[in-house]
Amino acid sequence: MQVNMKLFVAVVFVLHLLHSVAFGVPLLDEEKSLLGEIKAKIWLLEQLVKKRTEFCNQTPGTRTVDNNDNDNDIALSNETDRQDKSCPFFYDMDPVTGICYRIYHIKRTWAEARQFCERLNQRLLVLDDRKKFDRFREILSSVPLDGSDALQVGFKYSVMDSKFLWLTGKEVESNTWGKNQPNLKGEMCGGIGIDWGDPPLMLHDASCNHERLDFICEQEY
């Protein structure tokens, strides 16, 4: 029932967008982001249908299944089942950390991104332990990021404590910073660099109210 409701919501959303475009109503940034993700899901379904069609068209008795692909399909199916039961709509669930997350390809300042996530009863992605930090570096290195220079994540400078803290109150570990970071040039918030610095996918300080970047929201599983 829950899956059917999500499918219904997706169909209604797409019809709403088509109606808006037909009448010349500009799309909101959030709607553009969602539409892009819908297209990505449709592409994935097309690939699965193509694979299934090729298998069914093989002569009976000669059909072969790539065990590795089959295992991947089963894992994907199981992951999707867990996501349908546990994650917000259009979020991915990482089976390693158990975190539901979504990369929003809409430009926001750190303060705006934090507010955006909190309006959804979520938070900017917090990477306050090394295992989670390394896992999301792995995830971000393998997904298309639409040319993002960096992604806003959930830490900022605490004047009272004189250090950078995650939204959980934990201090940002020194070995998670990029080269020559933090530089504290009036940059009191932060993100994870994509094309910033060497090595990539390390933390950088950034402006809280001027730097407009994509961002990641999370909901703990």
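Since the model is a prediction, treat every value here as computed from it, not as a measurement. (Residues numbered from 1 in each chain as written. Predicted model: local features only at pLDDT ≥ 70, side-chain atom pairs only at ≥ 80, totals over all residues. Heavy atoms only, no water.)

Looking only at helices and strands, one finds five helices and eight strands in the protein. Going through the 221 residues of the protein one by one, you find that 38% of them count as buried. Within the protein, counting contacts between residues at least 6 apart in sequence, those at least 24 apart form 66% of the total. (Helix = DSSP H or I, 4+ residues; strand = E, 2+ residues; numbered from the N terminus. Buried < 20%, exposed > 50% of the residue type's maximum accessible area, 1.4 Å probe, protein only. Contact = heavy atoms within 4.5 Å.)

What follows deals with the nonpolar core. Most often, soluble globular proteins have nonpolar side chains that are buried together. In terms of nonpolar packing, the biggest core is built from 24 residues, with Leu140, Leu151, Phe155, Trp166, Ile192 and Leu203 touching the most fellow members. Those residues in contact with Leu140 that sit more than four places away from it in its chain are Ile103, Leu145, Leu151, Ile192, Leu201 and Ile216. (Core = buried A, V, L, I, M, F, W, Y, C linked by side-chain atoms within 4.5 Å.)

In this fold, Arg102 is placed in strand β2 (residues 99-108). There is a polar contact of 3.3 Å between the side chain of Arg102 and the side chain of Tyr104. (Polar contact = N/O pair within 3.5 Å; in protein donor to acceptor, adjacent residues only side chain to side chain.)

So, about the packing of aromatic side chains. Summed over the entire model, instances satisfying the criterion amount to ten aromatic pairs. For the pair Tyr91 and Tyr104, a centre-to-centre distance of 6.4 Å together with 70° between the ring planes defines the contact as edge-to-face. Taken together, the residues span a long stretch of sequence, with Tyr91 in the loop between α3 (67-86) and β1 (92-94) and Tyr104 in strand β2 at a distance of 13 residues. Exposure remark for Tyr91: the relative accessible area of 2% places this residue in the buried category. Centroid distance Phe116 to Phe215: 5.3 Å. Interplanar angle 70°. Geometry classified as edge-to-face. Of this pair, Phe116 sits in helix α4 (residues 110-119) while Phe215 sits in strand β8 (residues 213-220), and the two are 99 residues apart along the sequence. The class for Phe116 is buried, based on a relative accessible area of 8%. Here the aromatic cluster, defined as three or more aromatic residues joined through ring pairs, consists of Phe155, Tyr157, Phe164, Trp166 and Trp177. (Phe/Tyr/Trp six-rings, centres within 6.5 Å; stacked < 30°, edge-to-face > 60°.)

Another point: the side chain of Ser158. Mapped onto the elements, Ser158 comes out in strand β4 (residues 150-158). For Ser158, the side chain forms a polar contact with the side chain of Asp161, separated by 2.8 Å. In this structure, Ser158 is in contact with Lys163 and Leu165, ignoring residues within four places of it in sequence.

This part covers helix α5 (residues 130-140). The set of residues buried in α5 consists of Lys132, Phe133, Arg135, Phe136, Ile139 and Leu140. Along the axis of α5, the buried positions cluster into a sector of 165°, meaning they face one direction only. Regarding α5, its N-cap is Asp129, as a side-chain oxygen of that residue lies 3.1 Å from the backbone nitrogen of Lys131 further along. (Arc of directions from axis to C-beta.)

Let's shift gears to the confidence of the model for the protein. In the predicted model, the protein carries a mean pLDDT of 77, and the fraction of residues at 70 or more is 62%. For the protein, per-element mean pLDDT is lowest for α3, which scores 44, and highest for strand β5 (residues 163-166), which scores 96. Below pLDDT 50 for its whole length, residues 66-85 participates in 18 contacts with residues either more than four positions away or in separate chains. (pLDDT = per-residue confidence, 0-100.)

A few words on the state of the cysteines. Chemically, a disulfide is nothing more than a covalent bond linking the sulfur atoms of two cysteines. In total, this model carries three disulfides according to the counting rule given. Between the sulfur atoms of Cys117 and its disulfide mate Cys217 the distance is 1.9 Å. Torsion about the S-S bond of the Cys117 and Cys217 cystine: about -85°, corresponding to left-handed handedness. Of this pair, Cys117 sits in helix α4 while Cys217 sits in strand β8, placing them 100 residues apart in sequence. Covalent S-S linkage joins Cys189 and Cys208, the inter-sulfur distance amounting to 1.9 Å. On the S-S bond that ties Cys189 to Cys208, the torsion sits near 95°, and the link is right-handed. (Disulfide = S-S within 2.5 Å.)

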